[in-house]
Amino acid sequence: MILTIRNKSLRKTCELVDFADPTLPKLIEDLRNELLAINGRGIGISANQIGVNKQVSLILFPDNWTSKIDITGIKKEYVLINPRITNYGPKVKVDEGCLSVPGVFAIIERSESCEVLNHALNGEEEIISAKGILAQALQHEIDHLNAKLFTDYFSKAQQIIYENKIRRIK
Ligand SMILES: [Zn+2]
């Protein structure tokens, strides 16, 4: 089950993962299953959205997306563990939504590109250089791990427009 904006645990910063944590593979599998279960309605999910307060996210581009977006240089799946954004490109306006804020889609600003210092399951560091949809997804998920939601970027006007809709989310 995916927790919604109502749930306060989305507002707690996730803890750094200990790479010796034996539950890590299961957590990644759970995140993958959640994303596959919603059948292409989203491309990313973070551990705190399923109630686990650890710095783990999964980005997965399902088949119904890869036919529509430019996937040049993009892998089908990214497992993020203790990720950190080390470089931001210039800001652009993007259309965004979140599985924890169902039914709300809005234009916000993100960096059109970014660089992420990520870790493999064994703790090895890796750099992800991203642009476009992948850069957007990385920023969105890493925000989750830092207790931030895309609605935090709303302008005053957007806050008013979406206020009722967000209040009605269960
Ligand atoms: Zn989200």
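These numbers come from a predicted model, not from an experiment.

S.K.: I would appreciate a short explanation of the overall build of the chain in the present structure.
M.R.: Across its full length, the chain holds four helices and eight strands. Secondary structure of the chain in N-to-C order comes out as α-β-β-α-β-β-β-β-β-β-α-α. A compact globule built from 170 residues would reach a C-alpha radius of gyration of about 15 Å, and the chain, at 15 Å, matches this within 12%. Seen through its C-alpha atoms, the chain measures out along the principal axes to roughly 45 × 35 × 30 Å.

S.K.: In this structure, what is going on with unusual backbone geometry? I would like to understand it.
M.R.: The phi torsion of most residues other than glycine is negative, and most of the peptide bonds are trans. One non-glycine residue with positive phi stands out, namely Asn82, at about 45°. Along the chain, the position of Asn82 falls in the loop between strand 3 (77-81) and strand 4 (84-88). Using a count of 19 C-beta atoms within 10 Å as the deciding quantity, one classes Asn82 as partly exposed. The phi angle at Ala147 is positive, at roughly 70°, despite the residue not being glycine. Looking at the secondary structure, you find Ala147 in the loop between helix 3 (132-145) and helix 4 (156-167). We classify Ala147 as partly exposed; it has 16 C-beta atoms within 10 Å.

S.K.: For this particular structure, what's the right way to read the sheet that holds strand 4?
M.R.: Within a beta sheet, neighbouring strands are joined by backbone hydrogen bonds and run either parallel or antiparallel to one another. With respect to topology, three strands assemble into an open sheet ordered 4-7-8, the strand pairing being antiparallel. Each of the sheet's edge strands pairs with one partner strand only, and the pair in question is strand 4 and strand 8 (125-131). The sheet shows a mean angle of 25° between the axes of neighbouring strands, taken without regard to direction. Where strand 4 meets strand 7 (residues 113-119), four bridges bridge the pair, whose relative direction is antiparallel. When the sheet's bridge partners are listed, Arg84 is paired in strand 7 with Leu117.

S.K.: Is there a simple way to explain helix 4 in this structure?
M.R.: An α-helical segment advances 3.6 residues per turn. Residues three or four places apart therefore align on the same side. With 12 residues, helix 4 ought to run about 16 Å at 1.5 Å a step, and its terminal C-alpha atoms sit 16 Å apart, in line with that. For helix 4, the buried fraction is low: zero of the 12 residues fall into the buried class.

S.K.: Explanation requested: the pairing of strand 7 in the structure shown.
M.R.: Each regular strand displays side chains that alternate between the two surfaces of the sheet. Examined bridge by bridge, strand 7 and strand 8 share seven bridges and lie antiparallel to one another. Within strand 8, the position partnered with Leu117 by the bridge is Ile127. Hairpin connection from strand 7 to strand 8: five residues lie between these consecutive antiparallel strands, with Gly123 at a positive phi of about 95°.

S.K.: Just checking my understanding: could you explain the sheet that holds strand 3 for this structure?
M.R.: What the three strands build is an open sheet, ordered 1-2-3; its pairing is antiparallel. For this open sheet the edge positions go to strand 1 (44-46) and strand 3, each flanked by a neighbour on one side alone. Sheet twist, expressed as the mean angle between neighbouring strand axes with direction ignored, is 10°. Where strand 1 lies against strand 2 (residues 56-60), three bridges are found, and the strand directions are antiparallel. Looking across to strand 2, one finds that Ser46 is bridged to Ser57. Packing against the sheet, helix 1 (residues 24-37) makes contact with strand 1, strand 2 and strand 3, and its axis sits at approximately 40° to strand 2. Sitting on the sheet, helix 3 is in contact with strand 1, strand 2 and strand 3, with an inclination near 15° to strand 1.

S.K.: Help me understand the nonpolar core, please; the structure alone is not making it clear to me.
M.R.: Taken as a class, soluble globular proteins show a tendency for nonpolar side chains to be buried jointly. Formed by 28 residues in total, the largest nonpolar core has its most connected members in Leu31, Leu58, Ile59, Leu60, Ala130 and Leu138. Of all the secondary-structure elements, those providing two or more residues to this core are helix 1, strand 2, strand 3, strand 7 and helix 3. No other element matches helix 3, which puts six residues into this core. Aside from chain neighbours lying at most four places away, what touches Ile59 is Ile43, Gly44, Glu77, Tyr78, Ala137 and Glu141.

Conventions adopted
- Residues numbered from 1 in each chain as written.
- Predicted model: local features only at pLDDT ≥ 70, side-chain atom pairs only at ≥ 80, totals over all residues.
- Helix = DSSP H or I, 4+ residues; strand = E, 2+ residues; numbered from the N terminus.
- Rg over C-alpha atoms; globule rule 2.2 N^0.38 Å.
- Buried ≥ 20, exposed ≤ 12 C-beta atoms within 10 Å, placed from the backbone.
- Pairing = 2+ DSSP bridges.
- Axes fitted to C-alpha atoms, helices over the stretch in contact; angles between N-to-C directions.
- Expected span 1.5 Å × (residues − 1).
- Contact = placed C-beta atoms within 7 Å.
- Core = buried A, V, L, I, M, F, W, Y, C linked by C-beta atoms within 7 Å.

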